[in-house]
Protein chains: 2
Amino acid sequence: MPFFAGICRCVQVITNYFSHNAIVYTRNRTPLCLTFKTRLIARSRGPSQSLFPGRRWFSRGTGVRFMSHGTAGGQSAGRRGALAISGAAALTAAAAVAGLLANGNHFQRAEMATRISGAVENREQEAEIVERCRRFMSAPVTDISVLQSRKEEMRTKMELLIMETQAEFCKALEEVDGGTFKVDRWERKEGGGGISCVMQDGKVFEKAGVNVSVVSGYLTEEAAKQMRSRGKVLKGKDGKLPFSAMGVSSVIHPKNPHIPTVHFNYRYFEIEEEDGSKQWWFGGGTDLTPVYIDKEDAFHFHNTLKEACDKHHPQYYPDFKKWCDRYFFVRHRGETRGIGGIFFDDLDSPGQEEAFNFVKSCARTVVPCYLPIVYKHLNDSFTDEEKDWQQIRRGRYVEFNLVYDRGVKFGLATPGSRIESILMSLPLTARWEYMQEPDKGSREAEMLEVLRNPKEWV
Amino acid sequence: MPFFAGICRCVQVITNYFSHNAIVYTRNRTPLCLTFKTRLIARSRGPSQSLFPGRRWFSRGTGVRFMSHGTAGGQSAGRRGALAISGAAALTAAAAVAGLLANGNHFQRAEMATRISGAVENREQEAEIVERCRRFMSAPVTDISVLQSRKEEMRTKMELLIMETQAEFCKALEEVDGGTFKVDRWERKEGGGGISCVMQDGKVFEKAGVNVSVVSGYLTEEAAKQMRSRGKVLKGKDGKLPFSAMGVSSVIHPKNPHIPTVHFNYRYFEIEEEDGSKQWWFGGGTDLTPVYIDKEDAFHFHNTLKEACDKHHPQYYPDFKKWCDRYFFVRHRGETRGIGGIFFDDLDSPGQEEAFNFVKSCARTVVPCYLPIVYKHLNDSFTDEEKDWQQIRRGRYVEFNLVYDRGVKFGLATPGSRIESILMSLPLTARWEYMQEPDKGSREAEMLEVLRNPKEWV
């Protein structure tokens, strides 16, 4: 579920870097056709040239489409083009280091060499950002120039990570399904926006949604109160608390009842206080919702998560596994939603880099956690009764998401939210039978037993 | 949706009047088989004799079953039996009125005649209660002896009305569908219980649920706070506020997309204060959720409601129609759930009898509001696309019920609630498509237009 599918204004997507034709939706859903012009890029690569000619940033369905329409060019040409931005500076730096600038004393030369080597590093990092963005499903929510200008900040690192996670996962799913994701880009009036990737009624997946959102603005009094109730002491300047929040979230509902549903969500939040200092924290998790228990799958899923966690802290897996079972609990049914995984929130220790590295490990574990399970059951046959049971479990998924999920509740309660991104976590189809109860000793009863009494899988 | 599907303990259904074999579910859903013995009835009719041998008070599916297993006997025999309870008293009274008791003076005789005529009336009323109960789907939640002992109280009148409404509606639906309702009776540990009638996957109806609940006990502090926030000044004895609440609620989801979904709910609440006085109010409403607009249906539905309302107050229909549009609003979609009807709450004027009579008129309007529409579209043909659109609208129904409906929210938040009765309002199947938007000028778009801008139909 989207953690914060912010208020959407799918109107004008402004970007300084990309030459795009985009069909975007205004609030009343009338399609508009806009053309975005290249600016910065034009300086180094000439007009009408796409920075990323190799990447298909467009969807095949209806909705918002992004189509690069620059000149043709392979991946390597693109890379050269990207590096060309910083060509002049790099040349100067290299010349300095080689001692070709002979008009200074030793110290002057050393100082200049340091400065120049720093500039080289800077340019290389900036080029690296451009290079990373090339692999995304869409241009990042934040302008690349802005990301480059604050490349050391956690906001930038996290936005790149969530965009990368979205792209990696989408591509892995496209490969197994044969279908393609529809990419919708949307804007939030108050700042930021998101990129929703959805594949519906595919060969393997009934509905697959992978959503990124990056929003910023000022905390509402209600949100600040909620933060305080969570133990966060916040002092705003003139009562105002600027915040940045971003995350990637995904729910995948496969068609075959022997392939489980997966959900993950990784997010970052920061708030600026009166004195300019920042409070920040990470949250997230990955969890599995099978229709039938397959102990091998459960072990693989949990063990992959445990290995990722153990690299960072021996308590992470056991603590976050328990937290997951507690969080994904459908109270009125007395059942967990699935067989869990990990879940954590308010992670603000031991340090920002360490916490980020942990989140990075988790995010990079999504594909190895899930895809092997998908491939394993890809050709499993199933009966109508098994499909029915899947549909009933889908109904429970809907119950959890609409009744308990904090992200969904927050999103639905926020006027102007992008509902389609919030509710893309709902399955294509679901079923509610009155007084449905599996036969004793059946595989359905075995599943329920596990949901009523969460197990240790590793 | 059930207004208060109370805390359920489907364990031992105690009744003084009925001889039953019942399969009931304990909380962990293990079926138990219990036999209830007749008591009072045994005095007048002999042992093992059913009071209502004609009425099939049993379900055909799984769940709680009630089977009368007394001696055979037709409807008229049953009637004679029921009247036999008060036979001795009635005879005495008749004799007195005929002047056969000659041993008193004029005043004594007049007084006695009045008393006796009162007693006759009493007995007749008691017999009438028994007679009315015979037509219900199950024995009422409250013992008939208790209902008889407080036959003048509103609690009794309302319980009989909701039981009657349930039975009338169920029978009308059974007639058109050809299927039969499964009748589940459940108990609430703290007092009261309910009767849930569900027909699933019938010929005409995908899922039809008609639920009665009658609960009593003490208001929790939270509930009392909520009441106070609604402007009710409540003074409990030692902080305790005894309450009685009862209602009938129903949601019918037909298979054919040209037959609309209907929902109704009529309820009564009373709270006893410190000085023994009672605060009471009624609530309820009937509303229609079509998949396609049929103006004739909309007119018929609203006009039937309007006529029922107009008999009681000229402002009822216009006010309660508006209230209905406001209440059944899926805020995050900017759509009403359906084309409305009437909705009201906290109705405590002009007097208790008048308010009850209004509610009675509404409850008795359910069948004439809905059934003609069902019959009209019974054999309408439909396409796969129309069925898909119905399924998408079903998804919206689920969204309203799980996210906004007060009754559902209250029920789900109450530990130990009978979830199956609360959620029987959910459709058998539903669908969520990402970014689904009907074509301009289509019948689906026409439907959405009405949901986004509620109309006056009468």
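Below you will find a few notes about this structure.

Cut-offs used in this document
- Residues numbered from 1 in each chain as written.
- Chains lettered and ligands numbered in written order.
- Predicted model: local features only at pLDDT ≥ 70, side-chain atom pairs only at ≥ 80, totals over all residues.
- Heavy atoms only, no water.
- Helix = DSSP H or I, 4+ residues; strand = E, 2+ residues; numbered from the N terminus.
- Buried < 20%, exposed > 50% of the residue type's maximum accessible area, 1.4 Å probe, protein only.
- Contact = heavy atoms within 4.5 Å.
- Areas by Shrake-Rupley, 256 points an atom, 1.4 Å probe, with all protein chains shown as cover.
- Least-squares fit on C-alpha atoms with pLDDT ≥ 70 in both.
- Patch = residues over 30% accessible without salt bridge, like charges linked within 9 Å, V, L, I, M, F, W, Y side chains within 5 Å.
- Salt bridge = Lys/Arg side-chain N within 4 Å of Asp/Glu carboxyl O.
- Lys, Arg positive; Asp, Glu negative; His and termini not counted.
- Charge placed at Lys NZ, Arg CZ, Asp CG, Glu CD.
- Pairing = 2+ DSSP bridges.
- Axes fitted to C-alpha atoms, helices over the stretch in contact; angles between N-to-C directions.
- Polar contact = N/O pair within 3.5 Å; in protein donor to acceptor, adjacent residues only side chain to side chain.
- Buried area = accessible area lost by both parts, 1.4 Å probe.
- Expected span 1.5 Å × (residues − 1).
- 1 Å grid on protein atoms, 1.4 Å probe; cavity = no way out; pocket = protein on both sides within 12 Å on 5 of 7 lines; lining within 4 Å.
- Points joined across faces, edges and corners; volume = space filled by probe spheres on them.
- Nonpolar A, V, L, I, M, F, W, Y, C, P; charged D, E, K, R; others polar.
- Parallel < 35°, antiparallel > 145°, perpendicular 65-115°, else oblique.
- Left-handed = near helix turned anticlockwise from the far one by under 90°.

### With respect to the overall build of chain A
So, point 1. A tally of helices and strands in chain A yields 15 helices and 13 strands.
So, point 2. A burial count over chain A gives 56% of its 458 residues as buried.
So, point 3. Contacts in chain A between residues far apart in sequence, at least 24 positions, make up 70% of those at least 6 positions apart.
So, point 4. Approximately 19,400 Å² of chain A is accessible, and the part contributed by carbon and sulfur atoms is 52%.

### Description of the relation of the copies chain B and chain A
So, point 1. If you rotate chain B by 180 degrees and push it 0.0 Å along the axis, it lands on chain A with an RMSD of 0.0 Å. Those values place the two copies in the arrangement expected of a two-fold rotation axis. Among all C-alpha atoms of chain B, that of Ala430(B) lies closest to the rotation axis, at 2.7 Å.

### What about a positive patch on the surface?
So, point 1. A cluster of like positive charges, contributed by Arg331(A), Lys409(A), Arg331(B) and Lys409(B), occupies part of the molecular surface.
So, point 2. Its place among the elements puts Lys409(B) in helix α13 (residues 406-413).
So, point 3. Since its relative accessible area comes to 46%, Lys409(B) is described here as partly exposed.

### Focus: the sheet that holds strand β8 (residues 261-272) of chain B
Residues and elements named next belong to chain B.
So, point 1. A sheet is described by the order of its strands in space; here seven strands give the open sequence β4-β5-β6-β7-β8-β9-β12, paired in antiparallel fashion. The open sheet has two edge strands with one neighbour each: β4 (182-187) and β12 (340-347). When the angles between neighbouring strand axes are averaged without regard to direction, this sheet yields 5 degrees.
So, point 2. As paired elements, β8 and strand β9 (residues 278-289) share 12 bridges and run antiparallel to each other. Following the sheet pairing, histidine 263 is matched in β9 by aspartate 287.

### Quick look at the environment of Glu174(A)
Residue and element names in this part refer to chain A.
So, point 1. With respect to the helices, strands and loops of the structure, glutamate 174 is situated in helix α6 (residues 154-177).
So, point 2. The sequence separation of glutamate 174 and alanine 208 amounts to 34 residues, and the corresponding C-alpha distance is 10.0 Å.
So, point 3. Among the polar contacts listed, one links the side chain of glutamate 174 to the backbone nitrogen of phenylalanine 181, at a separation of 2.8 Å.

### Regarding the side chain of Glu273(B)
All names here are of chain B.
So, point 1. For glutamate 273, the location among the structural elements is in the loop between β8 and β9.
So, point 2. The class for glutamate 273 is buried, based on a relative accessible area of 15%.
So, point 3. Setting aside its immediate chain neighbours within four residues, glutamate 273 contacts Val233, Leu234, Lys235 and Gln279.

### Considering the pattern of salt bridges
Residue and element names in this part refer to chain B.
So, point 1. Overall, the coordinates contain 57 salt bridges over all chains when judged by the stated rule.
So, point 2. Residues arginine 333 and glutamate 399 are paired through a salt bridge, measuring 2.7 Å at the closest nitrogen-oxygen approach. Within this pair, whereas arginine 333 is found in the loop between β10 (329-330) and β11 (335-336), its partner glutamate 399 is found in helix α12 (residues 384-403), the two being separated by 66 residues in sequence.
So, point 3. You can call arginine 333 buried: its relative accessible area is 15%.
So, point 4. On the accessibility criterion, glutamate 399 (0% relative accessible area) is buried.

### So, the interface of chain B and chain A
So, point 1. Taken together, the contact pairs 36 residues of chain B with 36 residues of chain A.
So, point 2. Considering only the surface of chain B that becomes buried against chain A, Trp432(B), Tyr434(B) and Met435(B) emerge as the three largest contributors, covering 26% of it.
So, point 3. Taken together, chain B and chain A are joined by two salt bridges.
So, point 4. When the shortest N-O distance is used, the salt bridge between Arg333(A) and Glu420(B) registers 3.4 Å.
So, point 5. For the interface between chain B and chain A, the tally reads 15 residue pairs in polar contact (both at pLDDT 80 or more).
So, point 6. Where the side of chain B that touches chain A is concerned, the elements lending two or more residues are β4, β5 (192-200), α12, α13, α14 (419-422) and β13 (429-431) of chain B.
So, point 7. Counting residues per element, the side of chain B that touches chain A draws most heavily on α12(B), at four residues.
So, point 8. When strand β13 (residues 429-431) of chain A meets β13(B), the two strands line up antiparallel, connected through three bridges.

### Quick word on helix α8 (residues 295-310) of chain A
Residue and element names in this part refer to chain A.
So, point 1. Spanning 16 residues, α8 covers 21 Å between terminal C-alpha atoms, matching the ideal 22 Å at 1.5 Å per step.
So, point 2. Buried residues of α8: Asp297, Ala298, Phe301, His302, Asn303, Thr304, Leu305, Ala308 and Cys309, and no others.
So, point 3. The secondary structure elements touched by the buried residues of α8 are β8 (261-272), β9 (278-289), α9 (316-327), β12 (340-347), α10 (352-363) and α11 (366-377).
So, point 4. Its side-chain oxygen placed 3.0 Å from the backbone nitrogen of glutamate 296, aspartate 294 serves as the N-cap of α8.

### A short note on empty space enclosed by the protein
So, point 1. Summed over the entire model, instances satisfying the criterion amount to 14 cavities of 30 Å³ or more.
So, point 2. Approximately 100 Å³ is the volume attributed to the largest cavity.
So, point 3. Taken together, Lys207(A), Glu420(A), Leu423(A), Met424(A), Arg333(B), Ile392(B), Arg396(B), Arg431(B), Trp432(B), Glu433(B), Tyr434(B) and Gln436(B) make up the lining of the largest cavity.
So, point 4. Here the residues of the lining of the largest cavity are counted per class, giving five nonpolar, one polar and six charged.

### Side note on the pairing of β12(A)
Residues and elements named next belong to chain A.
So, point 1. Where burial is concerned, most of β12 is hidden: seven out of the eight residues are buried.
So, point 2. Note: β9 against β12, six bridges, orientation antiparallel. Looking at β12, one finds that glycine 284 is bridged to phenylalanine 344.

### Section: the packing of helix α8 (residues 295-310) of chain B against helix α11 (residues 366-377) of chain B
Residue and element names in this part refer to chain B.
So, point 1. Orientation of α8 relative to α11, taken along the N-to-C sense of each, is 160 degrees, at an axis distance of 8 Å. As judged from the angle between their axes, α8 and α11 are roughly antiparallel. Relative to α11, α8 is oriented so that their crossing is right-handed. Of α11, the residues touching α8 (which contributes Glu296, Asp297, His300, Phe301, Thr304 and Leu305) are Pro368, Cys369, Pro372, Ile373, Lys376 and His377.

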